[in-house]
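# Coordinates in review
If you want the building blocks of each chain, they are given just below.
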Amino acid sequence: MKKTIVAILLALGLSCSLHGTALAGFPEGASAYNARNYALAMKEIAPLARAGHPDAQHLLGLMYYMGRGTARDYKQAFTWHLKAAQQGKADAQYVVGAMYYTGNAVPQDQKHAVTWFRKAAEQGHGEAQHALGLMYRYHVAGVPGDPVIAYMLWNLAAASGNNNAVSQRASIAKTMTQEQIEEAQALSRTWKVGTPLPAQSRTGGG
């Protein structure tokens, strides 16, 4: 269990996607953030976040989490990430899941963590896929132990460039049958971003 928690914490990079948006003021705020001009970033981002823009809410949550441009405040970080997560922002969904998993600023709730990790993973979020794979591998948070689903998730995360998933996949492969590996490969080939992930496999359950 301790190994699982450490691995998930290592996966929590708190990186954010600051591209692909046409919000007035957001590019300026994102540029200021990247240039470490956090005061200007806060000035540009906070009004957009309050107006309901998920990218701005996610970035504001990161600023509160990291203490950049404002005092560090995990409760505010969670509040803003949750707002963005509820609007479908995958990066924010992942952070909300991690905060629920560790009990950071909210009561620890592993079932809520699984829910949010799954939402982000189904959008193709590599870190969320890695974290969810750990839960299937180690049978935690009410997730059934299933090496096939874990392998599948790490296959998907590895394709997104997640190096932790690459090593986890190699490790679990040593414990799996050829049939299980083939099923995992087939599941990852046929799964499409935006569709539900399988809850269990044919050969890995039990």
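All of the points below concern the structure found in this document.

## Let's talk about the packing of helix α9 (residues 147-159) against helix α11 (residues 178-190)
Packed helix pairs are characterised by how far apart their axes lie and by the angle those axes make with each other. The N-to-C vectors of α9 and α11 enclose an angle of 45°; their axes lie 8 Å apart at closest approach. The orientation of α9 relative to α11 falls into the category oblique. α9 and α11 meet at a crossing whose hand is right-handed. The segment α9 lies against α11, with P147, V148, I149, Y151, M152, N155 and L156 engaging Q180, I181, E183, A184, Q185, L187 and S188.

## A look at the packing of aromatic side chains
Each aromatic ring pair is characterised by the separation of its centres together with the angle its planes make. Evaluation of the coordinates by the stated rule reveals four aromatic pairs. Taken together, a centroid distance of 5.3 Å and an interplanar angle of 85° make the contact between F78 and Y100 edge-to-face. Here F78 is found in helix α5 (residues 74-86), whereas its partner Y100 is found in helix α6 (residues 90-102), with 22 residues between them in sequence. Like F78, the residue Y100 is buried in the burial classification. Across the ring face of W80, the terminal group of K83 is positioned such that the distance to the ring centre comes to 5.7 Å. Sitting over the face of the ring of Y138, R137 holds its NZ or CZ atom 5.3 Å from the ring centroid.

## Let's talk about the packing of α5 against α6
With their axes 8 Å apart at the nearest point, α5 and α6 run at an angle of 135° to one another. One finds that α5 runs oblique with respect to α6. In this structure, α5 crosses over α6, and the sense of that crossing is left-handed. For the pair α5 and α6, the contacting residues are Y74, F78, H81, L82, A84 and A85 in the first and A92, Q93, V95, V96, M99 and Y100 in the second. Here the residues of the contact of α5 with α6 sort into ten nonpolar, two polar and no charged.

Basis of the calculations
Residues numbered from 1 in each chain as written. Predicted model: local features only at pLDDT ≥ 70, side-chain atom pairs only at ≥ 80, totals over all residues. Heavy atoms only, no water. Axes fitted to C-alpha atoms, helices over the stretch in contact; angles between N-to-C directions. Helix = DSSP H or I, 4+ residues; strand = E, 2+ residues; numbered from the N terminus. Parallel < 35°, antiparallel > 145°, perpendicular 65-115°, else oblique. Left-handed = near helix turned anticlockwise from the far one by under 90°. Contact = heavy atoms within 4.5 Å. Phe/Tyr/Trp six-rings, centres within 6.5 Å; stacked < 30°, edge-to-face > 60°. Buried < 20%, exposed > 50% of the residue type's maximum accessible area, 1.4 Å probe, protein only. Lys NZ or Arg CZ within 6 Å of the ring centre and 35° of its normal. Nonpolar A, V, L, I, M, F, W, Y, C, P; charged D, E, K, R; others polar.

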